[in-house]
Amino acid sequence: MKLYLDTGMVEEIQTVAQSRILDGVTTNPSLIAKTGRDFIETLREIHSILKEYSPKDFTLSAEVIDTSSVDSIIKEGRAYAKISKHILVKVPLTKVGLEAVTLLSREGIRCNVTLCFSANQALLAAKSGAWCVSPFLGRVDDEGYDGVELIREIKKMYDHYGFETKILAASVRSPHHVHECAQLGCDIATIPKSVFDKLYYNPLTDMGLEKFQSDWNSYTKDLGGKK
Ligand code: E4P
């Protein structure tokens, strides 16, 4: 499963990308607004960090702002795509959005269809030629439903029909979400840094390391005493 970072914060991306296991970054208007910075300038900076540290097929998702018409989405999508072949144009899952996705995809511009909350919506995204679809599992959980179950349904349907659209699990809130998505064979998960950091952690690793260290320290102390 590919691992993306879900943030607009360049410092966070720099830190995680240095691990060299980061496959991409997703942004959205809320995440970019939090940075208080210029959108395109931020995108370019993120792009150069990923280019330095990530695998050659990294992607960077940039969301269209004016979603009022097919033309406005296509115009913004084309402008983002010009920045780099690594850009995925993020388009909301609306009727107008999917019409634009069909046309952009025919031009060879890869789209990430965002704000997906049902298997039926994911079906339409695949039929529109989206490169990937982003089901928001955390927000589904927030509404009292089962976000992981949504991923399971989409995965089953895509496998059944052989759709090439990838499943990008978004709105990830916990290591448990990441675990479940990986077990289901989800293609990509986009993860906030706070959750990404937790993936490294297991108390048994810390306890095991502490014991190795203390055993080694006693052993070398004993050796020193014998001399
Ligand atoms: C990423 O593509 C999505 O925009 C993001 O994961 C949404 O996360 P949220 O539900 O925590 O805002």
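For the structure, see preceding data.
Calculation notes
- Residues numbered from 1 in each chain as written.
- Predicted model: local features only at pLDDT ≥ 70, side-chain atom pairs only at ≥ 80, totals over all residues.
- Heavy atoms only, no water.
- Phe/Tyr/Trp six-rings, centres within 6.5 Å; stacked < 30°, edge-to-face > 60°.
- Helix = DSSP H or I, 4+ residues; strand = E, 2+ residues; numbered from the N terminus.
- Buried < 20%, exposed > 50% of the residue type's maximum accessible area, 1.4 Å probe, protein only.
- Pairing = 2+ DSSP bridges.
- Axes fitted to C-alpha atoms, helices over the stretch in contact; angles between N-to-C directions.
- Contact = heavy atoms within 4.5 Å.
- Right-handed = clockwise from strand over helix to strand, strands pointing away.

Undergrad: Lay out the packing of aromatic side chains with the relevant residues and their values.
TA: Considering all chains together, one arrives at five aromatic pairs under this definition. Relative to Tyr80, the ring of Phe39 lies with its centre 5.5 Å away and its plane at 80 degrees, an arrangement referred to as edge-to-face. Remark: Tyr80 occurs in helix 4 (residues 70–83) and Phe39 occurs in helix 3 (residues 39–53); sequence separation between them is 41 residues. Its relative accessible area of 16% is what places Phe39 among the buried residues. When the ring of Trp216 is compared with that of Tyr219, the centres are 5.2 Å apart and the planes differ by 50 degrees; the resulting orientation is tilted. Linking Trp216 with Tyr219, this pair stays in helix 11 (residues 203–226), spanning three residues, or about one helical turn.

Undergrad: Could you give an account of the sheet that holds strand 1 (residues 2–6), naming the residues involved and the relevant values?
TA: Strands in a sheet are paired, the pairing made by backbone hydrogen bonds, and the direction either parallel or antiparallel. Here we have eight strands rolled up into a closed barrel, ordered 1-2-3-4-5-6-7-8, and parallel in their pairing. The mean inter-strand angle of the sheet, taken between neighbouring strand axes irrespective of direction, is 30 degrees. In this sheet, strand 4 (residues 87–92) lies alongside strand 3 (residues 59–63) in parallel orientation, the contact comprising four bridges. Bridge pairing links Ala62 to Val89 in strand 4. Along the sheet, helix 4 makes contact with strand 3 and strand 4, crossing strand 4 at roughly 160 degrees. The strands that helix 6 (residues 119–127) touches are strand 5 (111–116) and strand 6 (132–135); relative to strand 5, the one it contacts most, it runs at about 165 degrees.

Undergrad: Run through the pairing of strand 6, naming residues and quoting values.
TA: Side-chain alternation along strand 6 places Cys132 and Ser134 on one buried face and Val133 and Pro135 on a second face that is also buried. Of the strand pairs in this sheet, strand 5 and strand 6 are connected by three bridges, and their pairing is parallel. Looking at strand 6, one finds that Val113 is bridged to Val133. For the crossover from strand 5 across helix 6 to strand 6, the handedness is right-handed. Sheet topology note: the strand 6/strand 7 (residues 166–169) ladder contains two bridges and is parallel. Within strand 7, the position partnered with Val133 by the bridge is Ile167.

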